[in-house]
Amino acid sequence: MALRGIKVIEMAGLAPGPFCGMIFADFGASVIRVDKTNAVPLDRLSRGKRSIALNLKNPEAVAVIKKLTNQADILIEPYRPGILSMLGGSSTTPEPPLNLLADFAGGGLLCSLGILMALFERTKTGLGQIIDASMSEGAAYVGSWLYKSRDLPVWGESRGKTWFDGGTHFYGVYETKDNKFMSVGAIEGQFYKLFLEKLDLNPNDWPQFSESPEVRRRELANIFKTKNQDEWTQLFNGLDGCVLPVLSLDEAPSNPHNKYRENFFKNLDGLWEPTPAPRMSNHTPVKNVDFLETHVGKHSKEILLEIGYTENEADKMILEGVVDESNTLKSNL
């Protein structure tokens, strides 16, 4: 595993932090999630992680965090600047899914990239560093092409007039006869030519850059309503017409391409999850099929013993409420 031997401490949070931690777990790192005692488990990105639940208002719990972080390579914390220092640390038609850009792409994914670059630099300098991963800055960085391509003709004068958001007829989503959808992305000339050919449309009557894209979109909308999604899928199957079905979360794992590439796997609950990516020639990421979602505090005693506490010390902290050993009941809510 590419990250075997790397130790990560993740302070429990939502979305970007847990996603960043899951990436490290998927590629072999040891990830311990620090939960609050009696926390309601909302994180669904805990596969491959262990959990210790601490009463952060108790000084002994803060001491546990310090001991954990002193033995770790990475600390992931989702708090506003200054919060961690209070615990004794330091830190200065179908629409797109709503929070993929900021939470997961600009937040969690770029955070993991920053951490990996810091780990690599540590091999040369021996020094660690703080990675300040801002979702707004990350989302802006992911959108670099949008800024640097404004001199290209793909952009219109206003929203809804560009090539990519409804301003053209050859790039968009169309409803089918069975109330499902097909996506069309025939931007390149050769793809657009094949697209028209499969629709039995004359290229002379359908110039790609029409002066009336709204009219063309309405005409294509009527055409796509004449067949079911499966019929359109079969018509364009294996061709470079850039026309594909819009799939639901339940349908995506059964897509032939996704099945061939094993893009999804079933966890022990029998539910589909995306396979970790990217794939590396020398290492296979852990699919963690043996791990259910981690219960809050499930591994508390195990982790305490691992970082040097005695059996009696661990039992005493659990008895006094410094540490919560398990929150299985709430995890099943």
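Scoring rules and cut-offs
- Residues numbered from 1 in each chain as written.
- Predicted model: local features only at pLDDT ≥ 70, side-chain atom pairs only at ≥ 80, totals over all residues.
- Heavy atoms only, no water.
- Axes fitted to C-alpha atoms, helices over the stretch in contact; angles between N-to-C directions.
- Helix = DSSP H or I, 4+ residues; strand = E, 2+ residues; numbered from the N terminus.
- Parallel < 35°, antiparallel > 145°, perpendicular 65-115°, else oblique.
- Left-handed = near helix turned anticlockwise from the far one by under 90°.
- Contact = heavy atoms within 4.5 Å.
- Nonpolar A, V, L, I, M, F, W, Y, C, P; charged D, E, K, R; others polar.
- Expected span 1.5 Å × (residues − 1).
- Buried < 20%, exposed > 50% of the residue type's maximum accessible area, 1.4 Å probe, protein only.
- Arc of directions from axis to C-beta.
- Polar contact = N/O pair within 3.5 Å; in protein donor to acceptor, adjacent residues only side chain to side chain.
- Pairing = 2+ DSSP bridges.
- Salt bridge = Lys/Arg side-chain N within 4 Å of Asp/Glu carboxyl O.
- Phe/Tyr/Trp six-rings, centres within 6.5 Å; stacked < 30°, edge-to-face > 60°.
- Right-handed = clockwise from strand over helix to strand, strands pointing away.
- pLDDT = per-residue confidence, 0-100.
- Core = buried A, V, L, I, M, F, W, Y, C linked by side-chain atoms within 4.5 Å.

K.L.:
It is not clear to me how the packing of helix H1 (residues 16–26) against helix H3 (residues 100–125) should be interpreted in this structure. Could you clarify?
P.N.:
Working note: a packed helix pair is described by the angle between its axes plus the distance between those axes. One can describe the packing of H1 onto H3 by two numbers: an axis separation of 8 Å at closest approach and a directional angle of 45°. When the axes of H1 and H3 are compared, the pair comes out oblique. Helix-helix and strand crossings are classified by hand; for H1 and H3 the assignment is right-handed. Judged by residue contacts, Pro 16, Phe 19, Cys 20, Ile 23 and Phe 24 of H1 engage Asp 103, Phe 104, Gly 107, Gly 108, Leu 109, Cys 111, Ser 112, Ile 115, Leu 116 and Leu 119 from H3. Its residues assigned to classes, the contact of H1 with H3 shows 11 nonpolar, 3 polar and 1 charged.

K.L.:
Is there a simple way to think about helix H2 (residues 59–70) in this case?
P.N.:
For an α-helix the count is 3.6 residues per turn, leaving residues at separations of three or four pointing the same way. The end-to-end C-alpha distance of H2, which contains 12 residues, comes to 17 Å, matching closely the 16 Å that a straight helix rising 1.5 Å per residue would cover. Those residues of H2 not exposed but buried are Ala 61, Val 62, Val 64, Ile 65 and Leu 68. Burial along H2 is one-sided: seen end-on, the buried residues are contained in an arc of 155°. In H2, the exposed positions that point more than 90 degrees away from the buried face belong to Pro 59 and Asn 70. Sitting at the head of H2, Asn 58 places a side-chain oxygen 2.8 Å from the backbone nitrogen of Glu 60.

K.L.:
Please clarify how the pairing of strand E6 (residues 181–185) should be interpreted in this entry.
P.N.:
Consecutive residues of a regular strand have side chains that alternate between opposite faces of the sheet. One ladder, built from 5 bridges, connects strand E5 (residues 171–175) with E6; its direction is antiparallel. Bridging from a neighbouring strand, Tyr 174 pairs with Met 182 of E6. The hairpin formed by E5 and E6 contains 5 residues between the paired strands, and Asn 179 there has a positive phi angle of roughly 65°. Across 3 bridges, the pairing between E6 and strand E7 (residues 243–245) is antiparallel. Bridging across to E7, Met 182 finds its partner in Pro 245.

K.L.:
What am I meant to see in the pattern of salt bridges here?
P.N.:
It is possible for side chains of opposite charge to pair when their charged atoms get near one another. Tallying each qualifying case throughout the model produces 13 salt bridges. The partner of Arg 50 in a salt bridge is Glu 306, with the nearest N and O atoms 2.9 Å apart. In this structure, a network of salt bridges that share partners links the residues Asp 26, Arg 47 and Glu 273.

K.L.:
It is not clear to me how the packing of aromatic side chains should be interpreted in this structure. Could you clarify?
P.N.:
How two aromatic rings sit relative to each other is given by the distance of their centres and the angle of their planes. Taken as a whole and judged by the stated rule, the model has 13 aromatic pairs. Between Phe 19 and Phe 104, the ring centres sit 5.4 Å apart and the planes meet at 90°, which makes this aromatic pair edge-to-face. Phe 104 carries the same exposure label as Phe 19, and that label is buried. Considering the side-chain rings of Tyr 192 and Phe 195, the 6.2 Å spacing of their centres and the 40° angle between planes classify their relative orientation as tilted. Residue Tyr 192 and its partner Phe 195 are both found in helix H6 (residues 189–198); the two are separated by 3 residues, about one turn of the helix. Considered together, Tyr 192 and Phe 195 belong to a single accessibility category, that of buried residues. Put simply, the rings of Trp 163, Phe 170, Tyr 192, Phe 195, Phe 209 and Phe 236 pair up and form one aromatic cluster.

K.L.:
Just to check I follow, could you spell out the sheet that holds E5 for this structure?
P.N.:
Across a sheet, paired strands are connected by hydrogen bonds in the backbone, their directions being either parallel or antiparallel. The 3 strands lie next to each other as E5-E6-E7, forming an open sheet whose pairing is antiparallel. With partners counted over all chains shown, the strands left at the sheet margins are E5 and E7, one partner each. Neighbouring strand axes in the sheet, compared pairwise and without regard to direction, differ in orientation by 25° on average.

K.L.:
Just to check I follow, could you spell out the pairing of strand E1 (residues 7–11) for this structure?
P.N.:
With respect to burial, E1 is a largely interior element, 4 of its 5 residues being buried. This β-α-β element, E1 to H1 to strand E2 (residues 30–36), shows right-handed connectivity. Note: E1 against strand E4 (residues 74–76), 3 bridges, orientation parallel. The partner of Ile 9 across the bridge, within E4, is Leu 75.

K.L.:
For this particular structure, what's the right way to read the confidence of the model for the protein?
P.N.:
Atom-level detail of predicted coordinates should not be read off regions where pLDDT is low. Mean pLDDT over the protein works out to 85, with 88% of the residues at or above the 70 mark. Scored below 50 in pLDDT, residues 328–333 makes 9 contacts in the model with residues more than four places away or belonging to other chains.

K.L.:
I keep staring at the nonpolar core and nothing clicks. Help me out?
P.N.:
A general tendency of soluble globular proteins is for nonpolar side chains to be buried together. Counting 20 residues, the largest nonpolar core has Ile 6, Val 8, Phe 24, Ala 29, Ile 74 and Ile 115 as the members making the most contacts within it. Of all the elements in the fold, those that place two or more residues in this core are H1, E4 and H3. With 6 residues, the top contributor of residues to this core is H1. Ranked by size, the runner-up nonpolar core spans 19 residues in total, among them Leu 54, Ile 65, Met 317 and Val 322.

K.L.:
What should I look at first to understand the side chain of His 299 in this one?
P.N.:
Here His 299 shows up in the loop between strand E9 (272–274) and helix H10 (300–306). Beyond its immediate stretch of four places on either side in the chain, His 299 contacts Lys 49, Arg 50, Ser 51, Thr 294 and Glu 325.

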